[in-house]
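One-letter residues, chain by chain:
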Amino acid sequence: MQILRSFGVALVLLSSWPLTAWALDGDMPLNTWLLRVHEASKHRAYTGTFVVSAGGNLASARIWHVCDGTQQVERVEPLSGVPRATYRRNDQVVTLYPGSKVAVLETRGSLGLFPALLKSTDASIAEFYNFKVLGAERLAGFEADAVALTPKDPWRYGYRVWSEKRSGLVLQLQTLDANGRVIEQSAFSELQLDAPVKMAQLVQQMENTAGYRLSRPAMPAVAPESQGWTLTAPVPGFRPAGCFSRALGSAGDTSNAMQWIFTDGLATLSLFVESFDARRHQREGATDMGGATHVVTRKLGEWWTTAVGEVPSATLAAFASALERKK
């Protein structure tokens, strides 16, 4: 897994329900909790340091986030690796690389971004996950409510989530395997709520691309059927969430891959399909990328398929096996 992917456009703002609205009890339905967290993302500003632990690796980033009720703007700056700063204004994303003077401009939604599961209010989630209130704890200097989301079948992982009592902001998220073992964790190590973050200042930084070479990767939406692909047996609970054509190679390489995205409302995975290339595509099977992320590859005639996501490898294998060429 590219561990810093969790910071790619990063952190959903979840805020400002009064304390009484966040009083959790064992009778609260899962969908009610999801709706409250989803609706809480409209008013508070914060800054903090966010840490992801997966597969024995650690990565951290500094976060600045502000929202005025209609527009969210944030800056994410990883504290290791290639220096860069990623800005997001709603679905507009700009990543600045000061070393190479490249600015990558993209349009993308929040699907797959931490904590993506808390962006969903899908009523069907309760069909596949049990919900349990665990109690209150103190994290990063704040009082937090803890809940557990336990899968009802082996196709998905479980989660434990800690949210700050007053704002609803997620302080920590753990991903659990079938034995209840923590395989990935995302958490604030330091957080300042109602921080003096100025939206105009972040927008100005985001738009200041003078001296940068602008790159706008094309990712047009496509229909899988028009590309000649279908699924013979979808995995229970997972539904399509978009399909796109992505450029693969470097300059001069015009080949593309299809990316077909699926979600159950919490977990997300992608199916990539591209022309088979014996120089690059040599090993079929499952690969553990560390943490919750797995990859399954398969040769299908003249095509090479890659299934990747934060789900059990058996789930990815089921998708890869169900993919079928129709033309």
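Please read all numbers here as calculations on a predicted model, not as lab measurements.

A.B. asks: Before we go on, may I ask you to explain the overall build of the protein in this structure?
C.D. replies: A count of helical and extended segments in the protein gives 4 helices and 20 strands. Across the 327 residues that make up the protein, the buried fraction comes to 49%. Put simply, 55% of the contacts in the protein that link residues at least 6 apart link residues at least 24 apart. Within the structure as shown, the protein displays about 15100 Å² of accessible surface, and the carbon and sulfur contribution to it stands at 51%.

A.B. asks: What's the story with the packing of aromatic side chains in this structure? I'm lost.
C.D. replies: One pair of aromatic rings is described through two measures. These are the centre distance and the angle between the planes. The final tally for this structure, using the stated rule, is 8 aromatic pairs. Each ring, one from F238 and one from F319, has its centre 5.8 Å from the other, and the planes form 90°; the classification is edge-to-face. With a gap of 81 residues between them, F238 in the loop between β13 (229-231) and β14 (239-247) and F319 in helix α4 (residues 313-322) connect regions that are remote in the sequence. The residue whose ring lies beneath R75 is W64, and the NZ or CZ to ring-centre distance is 4.8 Å. Sitting over the face of the ring of F276, K299 holds its NZ or CZ atom 4.8 Å from the ring centroid.

A.B. asks: Help me understand the sheet that holds β14 in this model?
C.D. replies: Within a sheet, neighbouring strands are paired by backbone hydrogen bonds and run either parallel or antiparallel to one another. On the basis of which strands lie adjacent, the open sheet formed by 6 strands has the order β14-β15-β16-β19-β18-β17 and antiparallel pairing. What marks the edges here is a single partner per strand, and that holds for β14 and β17 (285-288). Averaged over all pairs of adjacent strands, the angle between strand axes in this sheet comes to 20°, irrespective of strand direction. In this sheet, strand β16 (residues 268-275) lies alongside strand β15 (residues 256-263) in antiparallel orientation, the contact comprising 6 bridges. What sits directly across from T263, in β16, is T268. Across the sheet, α4 touches β15, β16, β17, β18 (294-300) and β19 (303-309), and the angle it forms with β18 is around 20°.

About the thresholds
- Residues numbered from 1 in each chain as written.
- Predicted model: local features only at pLDDT ≥ 70, side-chain atom pairs only at ≥ 80, totals over all residues.
- Heavy atoms only, no water.
- Helix = DSSP H or I, 4+ residues; strand = E, 2+ residues; numbered from the N terminus.
- Buried < 20%, exposed > 50% of the residue type's maximum accessible area, 1.4 Å probe, protein only.
- Contact = heavy atoms within 4.5 Å.
- Areas by Shrake-Rupley, 256 points an atom, 1.4 Å probe, with all protein chains shown as cover.
- Phe/Tyr/Trp six-rings, centres within 6.5 Å; stacked < 30°, edge-to-face > 60°.
- Lys NZ or Arg CZ within 6 Å of the ring centre and 35° of its normal.
- Pairing = 2+ DSSP bridges.
- Axes fitted to C-alpha atoms, helices over the stretch in contact; angles between N-to-C directions.

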